[in-house]
Amino acid sequence: MVRLREFVPRGYVFTVVGIAVGVAGLVSLGAMAERITRFIEGGDRFVLGQISVAGEGMGMGAGFTAGGLLSAAKIREIAAVPGVSGVQAQVMMPLNTSTSNFMTLTQELVMGMDLSVPIPNRNYRELPVASGRPLRLDDRRAAVLGSDFAASRHLRAGASVSLGGQDFAVVGILGKTFTAPDRFALVPIEDARDLWLRRDPLLVQVFGAGNLRRGDLNTGAAVGWRDGEDPDALARRIQSTVAGLNVTIPGELSRLLRQSTAFFSALLFGIGALGLLIGGLSLANTVTAAVFERIRDFGIKRALGATDMALLREVLGEGLRVSLWGGAAGVLLAWSIGTAVDARVLRDGEQLFLFSPRLLTFALVFSLALGTLAAGYATLRILRLSPAEAIRRGS
Amino acid sequence: MLRATGLSKTHAGPHGAPVTVLHGVDLEVKGGEFVAVVGASGSGKSTLLNLLGLLEPASAGEVWLGEERVSHLGRRAQARVRGASIGYVFQSFLLLSGLTALDNVLLAARYVGRDRTLAQREALALLERMGVAHRKDHYPAQLSGGEQQRVAYCRAVLNRPTLVLADEPTGNLDDEHARVILAELRASTAERGAAVVLVTHRPEAQAGADRVLRLRDGRLV
């Protein structure tokens, strides 16, 4: 307590509490904005890290590329296009076919990956496994689950999970990415093909009657490019070289994604502006009021010989210390509330707050700067008064 | 030592009309002289003290301290004069609530750049002399009115000012405490040669003064 008093000027406890409340508001709103921003940025990074292709047509797959079946022959043709570094066949399908397509931003997907090919996505060379292990080439009926997917079902590595009526061993859980893979169940592509065949009777008929082989059962593929290649140019080259494909142009897809999330971006801006306004006004008002409350003290100190600069230095120093304590307490308060709320909603696989280092740093710097400015402003206002007037007004 | 010529103070009244509270006061107080200023409420006593102590600017006139025309100095220089040459004792003590008794006294030394160790030794000696040394670590709210005024007096004289201005310093004190404060003010003229200007209603204070000045409606009579 004695040590605390050395840092928190006496009589400033309520000021520190006031600042803490303002900063907590700022940090809480900012943490929610950060959460949404990370989701949008994550999606953008993903689509910019690969060229997604599917077969021509409407198709029945889900995920990033809509289109028809992408046959093994087409995949080989794509791999032969100059500039392509690798092609990974994929089978993506909604876990719940009756609801998943309505909520495309939060849908749960089963993603079958051809593990004989390294992940071609430049921004996700490998997905971060937080516990357990990644999928191996010889795995069957094994799954690595996204963090939200696992949390909503209370699953850990070593447990089992039912996907499309089939039991899978959970061999690993991904770390939080704050974007789409958090809701994925990653499985070997052969297992995904089995699920697909079981769930789609029409496909069984086509598969049984035609010339299709299991290797042709792909909803799409991720294509990587060699160093120095322009991905948009390569995507157009693939489109013109290989017939019968739906090819996404990474740059265009990114633009479309940003357009579709424009509402969220505007919402984020609003939340951020609101946070700054509420937190900033609360903080500035608290510090200014605290300085004005000491108007009599200023008059006394000037009567004792304090110069304007001496008082300004004194108040700025106090303002800095009080803002630092208030800011730190506010960050702690927001973090405690956010963590408690998240602990509850995490049971359903959700996370509302993201207390990123950049947000916390900004909140502290913001409170320090604004607190000091407010203290300086109030001091300059008081210094306009004569010492006698300051004593009169404060008495 | 202290000289004021043509000292006037006018401020705007409630309806904008100028109100003059002090009309061209001329005054001279020598070093070691104890002067009492008396007058009815609103006669301009406190305003006169504020102008002499550079606590507010005069509308007209000059204040000289020794050979220096202090009323026309810049803000920084006036702050230096207030800290080094003038000591104030107020009716309501005006101690800082967040500081202990000792720190309140030492506040006077802080702004004139005195060595803290030396100042602390003198502050403790002053508190001892005033009988409140045992209360040095107490905050103002933990002190009686008489004790607060003794502490305030220590703060006023710590820097050995050549001019001590006291505005009703005994107004909130009982007779015993008032007697102690008046005796100390008197002693500061005798022992250190300081000039003391005291605004008071107490007859015994007037009786002990070298001179008594009467103010009526902002004029010395």
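Quantities reported herein were computed from a predicted structural model and do not represent experimental measurements.

What counts, and at which threshold
Residues numbered from 1 in each chain as written. Chains lettered and ligands numbered in written order. Predicted model: local features only at pLDDT ≥ 70, side-chain atom pairs only at ≥ 80, totals over all residues. Helix = DSSP H or I, 4+ residues; strand = E, 2+ residues; numbered from the N terminus. Buried ≥ 20, exposed ≤ 12 C-beta atoms within 10 Å, placed from the backbone. Contact = placed C-beta atoms within 7 Å. pLDDT = per-residue confidence, 0-100. Nonpolar A, V, L, I, M, F, W, Y, C, P; charged D, E, K, R; others polar. Pairing = 2+ DSSP bridges. Axes fitted to C-alpha atoms, helices over the stretch in contact; angles between N-to-C directions. Parallel < 35°, antiparallel > 145°, perpendicular 65-115°, else oblique. Core = buried A, V, L, I, M, F, W, Y, C linked by C-beta atoms within 7 Å.

Undergrad: Help me understand the overall build of chain A in this model?
TA: Each helix and strand counted, chain A has 13 helices and 10 strands in total. The proportion of buried residues among the 395 residues of chain A is 42%. For chain A, long-range pairs separated by at least 24 residues make up 79% of all intrachain contacts whose partners lie at least 6 apart in sequence.

Undergrad: I would appreciate a short explanation of the overall build of chain B in the present structure.
TA: Within chain B one finds 7 helices and 10 strands. Burial status across chain B gives 48% buried among its 221 residues. The long-range share in chain B, meaning contacts at least 24 apart out of those at least 6 apart in sequence, stands at 70%.

Undergrad: Explanation requested: the confidence of the model for chain A in the structure shown.
TA: When pLDDT is low, close inspection of the predicted coordinates is not appropriate. Confidence along chain A averages 84 in pLDDT terms, with 89% of residues attaining 70 or more. When mean pLDDT is taken per element in chain A, strand β5 (residues 142-145) of chain A scores highest with 96 and helix α1 (residues 2-7) of chain A scores lowest with 52.

Undergrad: Honestly, the interface of chain B and chain A in this entry has me stumped. Any pointers?
TA: A common way to report how large an interface is uses the accessible area buried once the components associate. The interface is formed by 20 residues belonging to chain B together with 18 residues belonging to chain A. When contributions to the side of chain B that touches chain A are tallied by element, the ones reaching two or more residues are α2 (75-85) and α3 (101-110) of chain B. Examining the composition of the side of chain B that touches chain A, we find that 7 residues originate from one element, α2(B), more than from any other. For the side of chain B that touches chain A, the per-class residue count stands at 11 nonpolar, 4 polar and 5 charged.

Undergrad: For this particular structure, what's the right way to read the sheet that holds strand β2 (residues 18-29) of chain B?
TA: Where strands meet in a sheet, backbone hydrogen bonds hold them as pairs that are either parallel or antiparallel. Residue and element names in this part refer to chain B. Strand order in this open sheet of 4 strands is β2-β1-β4-β5, and the pairing throughout is antiparallel. The sheet terminates laterally at β2 and β5 (68-69), the two strands that pair on one side only. Here 2 bridges tie strand β4 (residues 60-65) to β5, and the two strands are oriented antiparallel to one another. Its bridge partner lying in β5, L65 is registered against E68. The sheet contacts of helix α1 (residues 45-52) involve β1 (2-12), β2 and β4, and relative to β1 the element is tilted by about 120 degrees.

Undergrad: Any chance you could explain the pairing of β2(B) here in plain terms?
TA: Along any regular strand, the residues point their side chains to alternate faces of the sheet. Residue and element names in this part refer to chain B. Of the pairings in the sheet, the one linking β1 to β2 comprises 8 bridges and is antiparallel in character. What sits directly across from A12, in β2, is P18. The hairpin turn running from β1 into β2, its antiparallel successor, is 5 residues long, and G16 in that turn takes a positive phi close to 90 degrees.

Undergrad: When you look at the environment of R136(A) in this model, what are you seeing that I'm missing?
TA: Note that R136(A) resides in the loop between β4 (129-132) and β5. Sequence separation between R136(A) and V171(A) is 35 residues, and the spatial gap between their C-alpha atoms is 9.9 Å.

Undergrad: Looking at this structure, how should I read the packing of helix α2 (residues 13-48) of chain A against helix α9 (residues 262-292) of chain A?
TA: Helix packing geometry: the angle between the two helix axes and the distance between the axes. Residue and element names in this part refer to chain A. Remark: α2 packs on α9, axes separated minimally by 8 Å, with the N-to-C direction vectors making an angle of 170 degrees. In terms of their interaxial angle, α2 and α9 are classed as roughly antiparallel. Of the residues that constitute the contact of α2 with α9, the class distribution is 18 nonpolar, 11 polar and no charged.

Undergrad: It is not clear to me how the environment of L234(A) should be interpreted in this structure. Could you clarify?
TA: Mapped onto the elements of the fold, L234(A) is located in helix α7 (residues 231-241). If sequence neighbours within four positions are ignored, L234(A) has contacts with I51(A), G83(A), V84(A), W225(A) and E229(A).

Undergrad: Explanation requested: unusual backbone geometry in the structure shown.
TA: Residues other than glycine predominantly adopt negative phi, and peptide bonds predominantly adopt the trans conformation. The phi dihedral of R141(A) is positive, around 55 degrees, even though this residue is not glycine. Here R141(A) lies in the loop between β4 and β5. The residue F93(B) is not glycine, and still its phi comes out positive at about 70 degrees. Looking at the element boundaries, F93(B) is found in the loop between β6 (86-90) and α3.

Undergrad: Explain the sheet that holds strand β10 (residues 219-220) of chain B to me, please; I cannot follow it from the model alone.
TA: Residues and elements named next belong to chain B. Judged by pairing direction, the sheet is mixed, and its 6 strands sit side by side in the order β6-β7-β8-β3-β9-β10 without closing on themselves. Of all the strands in the sheet, the pair left with one neighbour each is β6 and β10. Pairing geometry for strand β9 (residues 211-216) and β10, over 2 bridges, is antiparallel. Across the sheet, residue L215 finds its bridge partner in β10, namely L220.

Undergrad: Quick question: what am I supposed to make of the nonpolar core here?
TA: Proteins that are soluble and globular tend to have nonpolar side chains buried together. Counting residues in each nonpolar core, the largest one holds 113 residues, and the members touching the most others are V105(B), C154(B), V164(B), V196(B), V197(B) and L198(B). Considering each element in turn, this core owes the most residues, 12 residues, to α2(A). For V105(B), the contacting residues outside a window of four places in its chain are A123(B), L126(B), L127(B), V151(B), C154(B), R155(B) and L158(B). The next biggest cluster of nonpolar side chains, apart from the first, holds 50 residues, and it includes V47(A), A150(A), L174(A) and L195(A).

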